[in-house]
Amino acid sequence: MVPPGDYTSHPVIITAHSESLADALRDERNDKYPLQVWYFLVCFIFLVSVINWIDIAFAYVRAKRQRRRLAQTSSTSLSLRGSIDLLRLPLALTDTFRALSFRWTIPIGRSYSLNIMQVLLSATYIVILFAWSLINRKSNVKVKRVPDDWADLSGRIAAIQLPLIVGLGMKNNLISCLTGVSFEKLNYLHRMTSRVMMVLVWLHSGTRVHKVITLPGIRAGVLAAAALTLLCIVWVRPIRGKAYELFLVTHLLLALIIVLSAYFHAKRREVAQFVWPAMALWALDRFIRMCRLAISFFAKKHESGRKISSEPKVEILPGHLIRLTTPTPKFFHWRPGQTAYLILPQISRTPFEGHPFTISTIDTKSSHNSELKFLIQSRKGFTRRLHNSDISKSIGTVLIDGPYSSPPRLVGYDSVLLIAGGSGVSFTLPLLLDLLERSKSGMACRRLTFVWTVRQLEHIVWIEDDLLGALKDIPPNLSLNIHIFAASNQNDIEEDPEKLDDTGSTAEKENGTESGIHEGYHGSHRILSLPMIKVHQERADLPTFIKNEVAQAHDCMSVNVCGSEKLNSAVRESIRTPRMVDILRGGPTISLHVESFENAVRVYSFLDGECTYISFAK
Ligand SMILES: Cc1cc2nc3c(=O)[nH]c(=O)nc-3n(C[C@H](O)[C@H](O)[C@H](O)COP(=O)(O)OP(=O)(O)OC[C@H]3O[C@@H](n4cnc5c(N)ncnc54)[C@H](O)[C@@H]3O)c2cc1C
């Protein structure tokens with residue numbers, strides 16, 4: 001018998017006892033650490049969500065205050081800069097933080113870069129995951145392989161990432177609703193977290209290579225690891241850009257294999273609860289999308305008791321642009337700048353081939369919102385097939401899955417600057433229409449500037465009808481300027497449709513809208529004679545232009561850009577130098593929103609939709 005508490009003279013018992021203690025401790029850590037990682041991530045998402053809600057609340061307070069102030073002072077007599085006011089220091093610091101973390105980028109390769117915030121977020125995520133996977137593990141230096149003790153924890157921490165990864169990649173995205181970061185911008189995090197998980201999975205499998213793969217559960221694990229590796233490594237950006245549809249189908253299949261086999265693998269260790277929420281989230285997303293499609297198919301809007309024309313209309317406009325007009329489905333409401341996925345069974349190659357396009361109209365109570373309009377630049381796949389389709393015949397059913405994405409809420413800004421290149425106008429046009437509509441029924445902002453760079457002036461037909469209606473009855477307290485830069489030498493800041501659609505377009509030629517036929521355009525269009533519209537037959541000097549706009553703004557300014565990567569970078573670089581003194585003297589804090597139609601393949605603009613939090617000036 002060993003006297004209670006006296007183990008010192010019995011080494012066998014001591015070893016057995018300390019080993020069972022170590023096992024108990026390890027089991028406890030295996031249970032707790034994955035949850036701790038998860039709590040950390042949830043807290044981070046919660047923090048960003050709170051900042052987003054505060055931002056929205058402040059925007060409405062700011063809007064109220066601005067309305068009051070402008071009712072008292074006319075916009076011309078407003079003093080834009082004064083002496084240094086230290087009460088504006090928090091605003092100046094917030095703006096400096098935004099300028100440094102979101103607008104400075106680190107190039108990676110020739111055509112890719114990450115902003116400072118992306119780098120910091122990625123680094124923090126990697127450190128958290130690996131720290132929790134590797135700490136407090138014992139490693140046996142005599143055994144020349146990855147310590148066995150790492151296996152369980154790295155596997156569990158990898159498994160618990162699955163719901164997050166699926167959640168970040170969904171279209172119907174809870175994280176996006178809470179944080180205000182658009183689903184397509186969250187896609188960067190979806191890819192980054194998947195790649196980090198892949199390395200964790202390798203670490204997990206590396207500790208198990210000595211085991212014979214005979215058990216079905218272990219085979220399932222190997223299958224999941226192989227599918228994940230294939231998905232992360234094979235489908236890199238250039239391939240995604242070249243064969244997007246193939247990427248989508250393969251992604252779906254590989255993702256299904258990963259989640260299902262990870263579930264069976266995790267079930268062996270009774271940690272399937274880490275994996276099944278990922279399946280539930282995925283199924284929920286698909287279910288909601290199916291419901292949206294069904295509604296768009298069955299529930300056409302009724303007007304005064306009768307069905308409005310359910311025939312979608314396709315027009316081919318100069319510059320290889322397609323304007324698609326389709327009736328708004330019942331219950332369909334959207335915010336200016338939101339996106340919808342279009343499925344056209346007669347044009348799509350597969351029944352579910354959907355492409356995202358921005359709704360260029362706004363959701364108002366007027367009769368106009370009975371139609372959704374899309375401005376679609378012809379490229380090389382679906383869009384070219386649509387462009388070359390016989391527009392004299394019906395294009396059949398248009399199924400609409402949406403609305404998606406989180407465009408900026410342009411509320412409570414003193415000045416708003418909207419910049420678009422080419423078809424990027426489908427994003428800035430609805431923002432402009434909404435601001436004009438709101439300024440007629442109250443006060444939307446004091447100064448509104450719209451800039452559009454196009455290769456040819458004739459492209460103005462894309463937006464002319466919508467703009468003409470909106471430019472009626474502009475209130476005198478709104479300083480509105482529309483600048484159109486038409487110059488064929490801005491190929492770099494505007495996409496060149498000739499490059500995108502190198503076959504040329506038969507439909508366009510047949511319709512007599514080929515370049516050259518519209519030479520007398522300038523004189524023949526009413527819109528160009530309106531006083532607020534200025535046409536520049538030159539390349540846009542954006543840095544100087546933006547500098548002047550900032551000088552004429554105060555309090556709080558919103559800059560929104562949608563165009564090629566070159567155009568977006570030019571805007572980002574123009575406002576990335578901190579302006580502490582200017583803000584202290586009354587100059588505007590700037591929030592920048594960058595929208596890129598190339599987001600699906602490039603993530604340069606991730607998180608450029610910055611929060612304007614704490615921008616409530618005294
Ligand atoms: C949020 C968002 C809003 C957009 N709004 C507009 C708009 O208003 N007007 C407009 O002209 N374009 C818009 N685009 C771009 C448009 O979705 C693509 O140009 C279109 O899907 C290309 O189809 P395609 O088969 O002809 O392309 P391809 O010529 O085969 O490829 C051209 C590029 O489009 C990308 N692409 C192809 N299919 C998809 C897809 N299903 N989803 C995302 N990217 C894809 C490819 O990766 C490639 O980089 C938007 C994109 C996004 C992400």
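Scoring rules and cut-offs
- The residue numbering used here restarts from 1 in each chain and proceeds along that chain's sequence as written.
- In keeping with the predicted nature of the model, local features appear solely for residues at pLDDT of at least 70, side-chain atom pairs appear and are counted solely at 80 or more, and the whole-chain, interface and lining totals rest on all residues.
- Values reported for side chains reflect all heavy atoms of the structure, with hydrogen atoms and water molecules removed beforehand.
- UniProt positions are given in the numbering used here, feature names are shortened, and annotations may be inferred rather than shown by experiment.
- Per the convention used, a helix needs a DSSP run of H or I reaching at least four residues, while a strand needs a run of E reaching at least two, with both numbered from the N terminus.
- Every residue pair with non-hydrogen atoms within 4.5 Å of one another is taken to be in contact.
- Calculation of accessible area relied on Shrake-Rupley with a 1.4 Å probe; when residues are assessed, cover is drawn exclusively from the protein chains displayed.
- Pairing of aromatic side chains here covers Phe, Tyr and the six-membered ring of Trp, requires ring centres within 6.5 Å, and sorts the geometry by plane angle: under 30 degrees stacked, over 60 edge-to-face, intermediate tilted.
- A simple rule labels every residue: compare its accessible area, found with a 1.4 Å probe on the protein chains alone, to the largest value its type can have, and call it buried under 20%, exposed over 50%, or partly exposed in between.
- Think of it this way: one heavy atom of a residue within 4 Å of a molecule or strand is enough to make that residue near it.
- Polar contact criterion, stated in full: a pair of N or O atoms within 3.5 Å, where within protein one must be able to donate a hydrogen and the other to accept it, and residues adjacent in sequence count only if both atoms are side-chain atoms.
- Each residue gets one of three labels, nonpolar for Ala, Val, Leu, Ile, Met, Phe, Trp, Tyr, Cys and Pro, charged for Asp, Glu, Lys and Arg, and polar for the others, Gly among them.
- By definition, a salt bridge exists where a carboxyl oxygen of Asp or Glu is found within 4 Å of a side-chain nitrogen of Lys or Arg.
- Axis definition: a line fitted to C-alpha atoms, over the contacting stretch in the case of helices. Angles run 0 to 180 degrees between N-to-C directions.
- Crossings are sorted by hand: turned counterclockwise from the far helix by less than a right angle, the near helix makes the crossing left-handed, and turned clockwise it makes it right-handed.
- Take the buried Ala, Val, Leu, Ile, Met, Phe, Trp, Tyr and Cys residues and link them wherever side-chain atoms come within 4.5 Å; each set so joined is a nonpolar core.
- A helix's residues, less one, multiplied by 1.5 Å, set its expected span.

The protein is annotated in an unreviewed UniProt entry as ferric-chelate reductase (NADPH) from Agaricus bisporus var. burnettii. You can read under Subcellular location (unreviewed entry) in the UniProt record for the protein the words "Cell membrane".

## Overview of the overall build of the protein
For the protein, the count of helices and strands is 19 helices and 16 strands. Sequence-distant contacts in the protein: of pairs separated by 6 or more residues, those separated by 24 or more amount to 80%. With an accessible surface of roughly 28500 Å², the protein has 63% of that area assigned to carbon and sulfur atoms.

## Observations concerning the packing of aromatic side chains
Scanning the entire structure with this criterion turns up 13 aromatic pairs. Here F297 and F298 contribute two aromatic rings whose centre-to-centre distance is 4.8 Å and whose plane-to-plane angle is 85°, an arrangement assigned as edge-to-face. Seen from their ring centres, F485 and F545 are 6.1 Å apart, and the 85° between their planes marks the pair as edge-to-face. Placement of F485 in strand β13 (residues 479-486) and of F545 in helix α17 (residues 542-551) is noted, with a sequence separation of 60 residues between them. Here the two residues F485 and F545 agree in accessibility, since each one is buried. Through pairs of rings, three or more aromatic residues link up here, namely F183, Y341 and Y404.

## A word on the site of the ligand
Neighbouring the ligand are 22 residues; H355, P356, Q377, K380 and T383 lie closest to it. Contact distances for the ligand include 2.9 Å between an oxygen atom and a backbone N or O atom of T358. Between an oxygen atom of the ligand and a main-chain N or O atom of G381, the distance comes to 3.0 Å. In isolation the ligand exposes 870 Å². Once the protein is present, 91% of that is buried. If you list the elements that add at least two residues to the shell around the ligand, you get α8 (237-242), α9 (244-268), β8 (355-358), β9 (371-377) and α11 (382-387). Looking at the shell around the ligand, the element that brings in the most residues is β8, giving four residues. Tallied by class, the residues present in the shell around the ligand amount to nine nonpolar, nine polar and four charged.

## Concerning the pattern of salt bridges
The tally for this structure, following the rule as stated, stands at 14 salt bridges. Across the pair D31 and R156 runs a salt bridge, and its minimum N-O distance is 3.3 Å. With a gap of 125 residues between them, D31 in helix α1 (residues 11-72) and R156 in helix α4 (residues 149-169) connect regions that are remote in the sequence. Assessed through its relative accessible area of 45%, D31 is described here as partly exposed. Across the pair E549 and R447 runs a salt bridge whose closest N-O atoms are separated by 3.1 Å. Note that E549 is positioned in helix α17 and R447 in strand β12 (residues 447-454), a separation of 102 residues in sequence. Grouping residues by exposure puts E549 and R447 together as buried. Taken together, the shared-partner salt bridges connect R81, D95, R98, R579 and D582 into one network.

## So, the packing of helix α3 (residues 116-134) against α4
Relative to each other, α3 and α4 sit at 145°, their axes nearing to 8 Å. Where α3 crosses over α4, the two elements pack in a sense that is right-handed. Every residue of α4 that contacts α3 at Y125, L129, W132, S133 and L134 is listed here: W150, L153, S154, I157, Q161 and L164. Considered class by class, the residues forming the contact of α3 with α4 number eight nonpolar, three polar and no charged.

## A word on the side chain of Q377
Here Q377 shows up in strand β9. You can call Q377 buried: its relative accessible area is 5%. Among the polar contacts listed, one links the side chain of Q377 to the backbone oxygen of G319, at a separation of 2.9 Å. A distance of 3.2 Å separates the side chain of Q377 from the backbone oxygen of H320, its partner in a polar contact.

## A few points about the nonpolar core
Membership of the largest hydrophobic core comes to 51 residues, with the highest contact counts inside it found for L129, L162 and V275. Listed by contribution, the elements that provide at least two residues to this core are α1, α3, α4, α6 (183-206), α7 (216-234) and α9. Of all hydrophobic cores here, the second largest spans 43 residues; its members include L375, V461, W462 and L468.

## Description of α3
For α3, which comprises 19 residues, the first-to-last C-alpha distance of 27 Å matches the rise-based estimate of 27 Å (1.5 Å per residue) to within 8%. All of the buried residues along α3 are M117, Q118, L121, S122, Y125, I128, L129, F130 and S133. The N-cap residue of α3 is N115: its side-chain oxygen and the backbone nitrogen of M117 are 3.1 Å apart.

## Focus: the environment of A92
Examined against the element boundaries, A92 turns out to sit in helix α2 (residues 89-103). Classification of A92 as buried rests on a relative accessible area of 0%. In this structure, the C-alpha to C-alpha distance between A92 and R585, residues 493 residues apart in sequence, is 9.9 Å. Setting aside chain neighbours within four positions, we find A92 in contact with M580, I583 and L584.

## Let's talk about the packing of α9 against helix α10 (residues 276-298)
Here α9 crosses α10 at 145°, and the two axes come no closer than 9 Å. Crossing angle aside, the handedness with which α9 passes α10 is left-handed. Here L252, V259, L260 and Y263 of α9 come into contact with α10, specifically with W276, M279, W282 and R286. Taken together, the residues of the contact of α9 with α10 sort by class into seven nonpolar, no polar and one charged.

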